[in-house]
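Next come the chains, spelled out residue by residue.
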Amino acid sequence: MQPDLSQPPQPSSEPLLQVQELKVNYGAINALDGVSLKVAAGQIVSLIGANGAGKTTLLRAISALHKPRSGSIAYAGRSLVGLPPHAIVRNGLCHVPEGRMVFANLTVLENLRMGAYLQTDHSVVEREMDYVFTTFPRLKERLRQSAGTLSGGEQQMLAIGRALMGSPKCLMLDEPSLGIAPLLIKAIFEKIVQINREHGITILLVEQNANLALEAASYAYVLETGRVKLEGPSAQLRHDPEVKAAYLGGR
Amino acid sequence: MSEFLQQVVNGLALGSIYALIAIGYTMVYGVLRFINFAHSDILMLGAFAAFFLAPKAQAIFGAESVLGAISVILLSALICAAIGMLIEYLAYRPLRDRPKLTVLITAIGVSLLIEFGCQHPAVFGPNPKAFPKLFPAADYHLQGLTISTNDMVVLGSTLVLLGALWFMVQRTKVGAAMRAVAFNHHAAALMGINVSRIISLTFAVGSALAAVAGILYALKAPAIEPLMGIQPGLRAFIAAVVGGIGNLPGAALGGLLLGALETFAGGIPGVSNYRDGIAFAILILILLFRPAGLLGKLQHEKV
């Protein structure tokens, strides 16, 4: 029987990624003040909230770019706290950072190869690259171009493609809609859902555009000043009067 | 005409040495955004390493043998690579997330420590030491042009090293990782790149090149002493800035340009005493019109 690709896979009981009571400080400021969340394997989970709510800090703490003051981060049953960033990538947890951060001084091809930096099996690199090209054909046309010359939308495609090169089990996306032409945003979100459905890659999506985020995700968390204010299935949050008023433009 | 060509040869030979040193400054600036002032002392340590290794090589390979010279140069480069990595590990790594000024002052401190530590009688002592001949020296005359084996070795090894460096940085995975780290540490770490290891490697490569440059410089100089790195180091640093700090071809170009300017200014009758003044005045003019250096771009991220 063909798997039904139109529906998200059913969440399993054991979460792939679990954050508990995470606290991160910037000097005297509590950027995260005890955040807990769960991402089940195969799901798309969204994290919404205003600027400065701590969304980016959370992803950066998971990737070990920030050191948490306390709390735990478990991924595939292992604790990530104390590991260096490059060891976390090795476990298949890939992070597409805010502002894309493609290597502007490298070509598109070199950027993609950097995404597969830890992969020693050349056939796997080829396979992932083929998948990236099927997902984002535009990248194939720009292979020899330096990444700094790409448009914002193309850079976002490259940033996602580069993360896919690392054969992720879980992908963390930080504001994929930031600074991108409205027409492209929709296309990129369709790709994100497609990546999840086709490859079963679990996605933790940080997004300021709550409409888009709730549409793509099956479950969502609302972050406010470093705490989880609300959580629930996306369909439910979309009709929550508070969320509507604060994040969905009051509709 | 032949006098002009002679100056070109002399300028290229001197400039090659500056280029090799300048690359170390620019590489470290590329990945860490600060000037490693201790770099000028690495070249002195390279010369001293060769000074102590030469008699041993002579005992094995015989006097002034090519094989002996190559092994002395390679071993000195390896020793300096290790010293460079050690300096980064001990002095700069603990300050990775501190303001750049802190690191800069630390670099000056490391430099002074090496310079004056080495002047202690128990280390090298302050007195100049005659540098041994590493290979058979001869002068070749070609239509009024004098080219020494020394010049040929300097030009040849610089060319080979620059080519190898270009290949490593542009064509290998580890070179791409270096460029990725130069662009952004966090983004590189998210690719699974061990940023500290790449920075270590950058120091190793830069220091090895400085060691070779130090030996080549010592071969031209009458003697070596613990402060010998200051003059060529300062010039190479300026060469790196003129070429566009952070830019590898720029460092090579800046080094060659500075070597040529110094040589030509020194050859003008009557003003040869002012050669540094003339050379640096021209460099200041270049920076006035191209503030980011000859090949540098005014931007936040550079290779």
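Fair warning: this is a prediction, and the values are worked out from it, not measured in the lab.

**Considerations on the overall build of chain B**
The helix and strand tally for chain B stands at 11 helices and four strands. Rg of the C-alpha trace for chain B: 19 Å, near the compact-globule value of 19 Å for 303 residues, within the 12% margin. Projecting the C-alpha coordinates of chain B onto the three principal axes gives extents of approximately 60 × 50 × 35 Å. Counting across all 303 residues of chain B, residues that qualify as buried make up 48%. Of the contacts formed within chain B by residues at least 6 apart in sequence, a portion of 75% connects residues at least 24 apart.

**What to know about the overall build of chain A**
A tally of helices and strands in chain A yields 10 helices and 10 strands. Put simply, chain A has 251 residues, and 46% of those count as buried. Put simply, of all contacts in chain A between residues at least 6 apart along the chain, 68% involve residues at least 24 apart.

**Some remarks on helix α1 (residues 55–62) of chain A**
It helps to recall that an α-helix has 3.6 residues per turn; residues three or four apart then point in one direction. The buried count for α1 of chain A comes to eight of eight residues, which makes it a mostly enclosed element. Looking one or two residues beyond α1 of chain A, the residue adopting positive phi is Ala 64 of chain A, at roughly 70°.

**Considerations on the sheet that holds strand β5 (residues 78–79) of chain A**
Residues and elements named next belong to chain A. Reading across from one edge, β2-β1-β4-β5 is the order of the four strands in this open sheet, with antiparallel pairing throughout. Strands at the two margins of the open sheet, each flanked by one partner only, are β2 (29–40) and β5. Sheet topology places strand β1 (residues 15–26) next to strand β4 (residues 70–75); five bridges connect them, and they run antiparallel. In the sheet register, Leu 17 faces β4, and the bridge partner there is Tyr 75.

**Some remarks on the environment of Pro 291 of chain B**
Residues and elements named next belong to chain B. As for its position among the elements, Pro 291 is in the segment after α11 (275–289). On the neighbour-count criterion, Pro 291 (10 C-beta atoms within 10 Å) is exposed. In sequence terms Pro 291 and Val 241 are 50 residues apart; their C-alpha atoms lie 9.2 Å from each other.

**A closer look at the pairing of strand β10 (residues 227–233) of chain A**
All names here are of chain A. When strand β9 (residues 219–224) meets β10, the two strands line up antiparallel, connected through six bridges. Within the sheet, the bridge partner assigned to Glu 224 lies in β10 and is Arg 227. The turn joining β9 and β10, which pair antiparallel and follow one another in sequence, is formed by two residues; a positive phi near 35° is taken by Thr 225.

**Some words on the packing of helix α5 (residues 149–171) of chain B against helix α6 (residues 173–183) of chain B**
Between two packed helices, both the angle of their axes relative to each other and the distance between the axes serve to describe the pair. Residue and element names in this part refer to chain B. The interhelical angle for the contact between α5 and α6, taken along N-to-C directions, is 75°, at an axis separation of 5 Å. The orientation of α5 relative to α6 falls into the category roughly perpendicular. Between α5, through Met 168, Val 169, Gln 170 and Arg 171, and α6, the contact on the second element is made entirely by Gly 175, Met 178 and Arg 179.

**Quick look at the interface of chain B and chain A**
Listed as interface residues are 16 residues of chain B and, on the opposing side, 20 residues of chain A. Sorting the residues of the side of chain B that touches chain A by element identifies α6 and α7 (185–190) of chain B as the ones contributing at least two each. At five residues, the largest contribution of residues to the side of chain B that touches chain A is made by α6 of chain B. Taken together, the residues of the side of chain B that touches chain A break down into 10 nonpolar, four polar and two charged.

**Points about the sheet that holds strand β7 (residues 170–174) of chain A**
All names here are of chain A. Spatially, β6-β7-β8-β3-β9-β10 is the arrangement adopted by the six strands of the open sheet, whose pairing is mixed. The sheet terminates laterally at β6 (93–96) and β10, the two strands that pair on one side only. Strand-to-strand, the axes of this sheet are offset by a mean angle of 15°, without reference to chain direction. Contacts from α1 reach β3 (44–48), β6, β7, β8 (202–207) and β9, with the element oriented near 145° to β7.

**Considerations on the pairing of β6 of chain A**
Residues and elements named next belong to chain A. Residues Leu 93 and His 95 of β6 are buried on one face, and the alternating residues Cys 94 and Val 96, pointing to the opposite face, are buried as well. Of the strand pairs in this sheet, β6 and β7 are connected by four bridges, and their pairing is parallel. Bridge assignment links Leu 93 to a residue of β7, and that residue is Cys 170.

**What about helix α9 (residues 230–243) of chain B?**
Residues and elements named next belong to chain B. Between the first and last C-alpha of α9 there are 20 Å, a value that for 14 residues agrees with the 20 Å anticipated at 1.5 Å per step. Of all 14 residues in α9, 11 are buried; the element is thus mostly enclosed. The complete set of buried residues in α9 reads Pro 232, Gly 233, Arg 235, Ala 236, Phe 237, Ile 238, Ala 239, Ala 240, Val 241, Val 242 and Gly 243. Buried residues along α9 sit against α1 (2–32), α2 (39–61), α8 (195–220), α10 (248–267) and α11. Phi turns positive one or two residues past the end of α9, at Gly 244, with a value near 110°.

**As for the nonpolar core**
Counting 175 residues, the largest nonpolar core has Leu 205 of chain A together with Ala 47, Cys 80, Ala 180, Val 181 and Val 212 of chain B as its most contacted members. Of all the elements, α8 of chain B adds the most residues to this core, at 17 residues. Non-local contacts of Ala 180 of chain B, meaning those with residues more than four positions away in its chain, are made with Phe 103, Leu 106 and Met 114 of chain A together with Ala 187, Ala 188, Met 191 and Ile 193 of chain B.

**As for the confidence of the model for chain B**
Mean pLDDT over chain B works out to 93, with 98% of the residues at or above the 70 mark. Here the predicted complex scores 0.92 on pTM and 0.92 on ipTM.

Parameters and conventions
Along each chain, residues carry numbers from 1 onward, in the same order as the chain's sequence is written. To read the labels, note that chains go from A and ligands from 1, taken in the order they are written. Predicted model: local features are reported for residues with pLDDT of at least 70 only, side-chain atom pairs are reported and counted for 80 or more only, and whole-chain, interface and lining totals are derived from all residues. We count a stretch as a helix when DSSP gives it H or I for four or more residues in a row; a strand needs E for two or more, and each element gets its number in order from the N terminus. Atoms counted for the radius of gyration: C-alpha only. Globule rule: 2.2 Å times residue count to the power 0.38. Here the C-beta atoms are placed from the backbone, and a residue counts as buried if at least 20 other C-beta atoms lie within 10 Å of its own, exposed if 12 or fewer do, and partly exposed otherwise. Throughout, a residue-residue contact means that the two C-beta atoms, derived from backbone geometry, are no farther apart than 7 Å. Paired strands, as defined in this entry, are two strands with at least two bridges between them according to DSSP. As a rule, the C-alpha atoms of each element are fitted with a line to give its axis, helices using only the stretch in contact, and angles between N-to-C directions run from 0 to 180 degrees. To sort the angles, those under 35 degrees are grouped as roughly parallel, those over 145 as roughly antiparallel, those from 65 to 115 as roughly perpendicular, and the leftovers as oblique. Just so you know the grouping, Ala, Val, Leu, Ile, Met, Phe, Trp, Tyr, Cys and Pro go in nonpolar, Asp, Glu, Lys and Arg go in charged, and all remaining residues, Gly too, go in polar. To estimate how far a helix should reach, multiply one less than its number of residues by 1.5 Å. Here, a nonpolar core denotes buried Ala, Val, Leu, Ile, Met, Phe, Trp, Tyr and Cys residues that are linked to one another through C-beta atoms within 7 Å. For every residue, the predictor reports its confidence as pLDDT, a number between 0 and 100.

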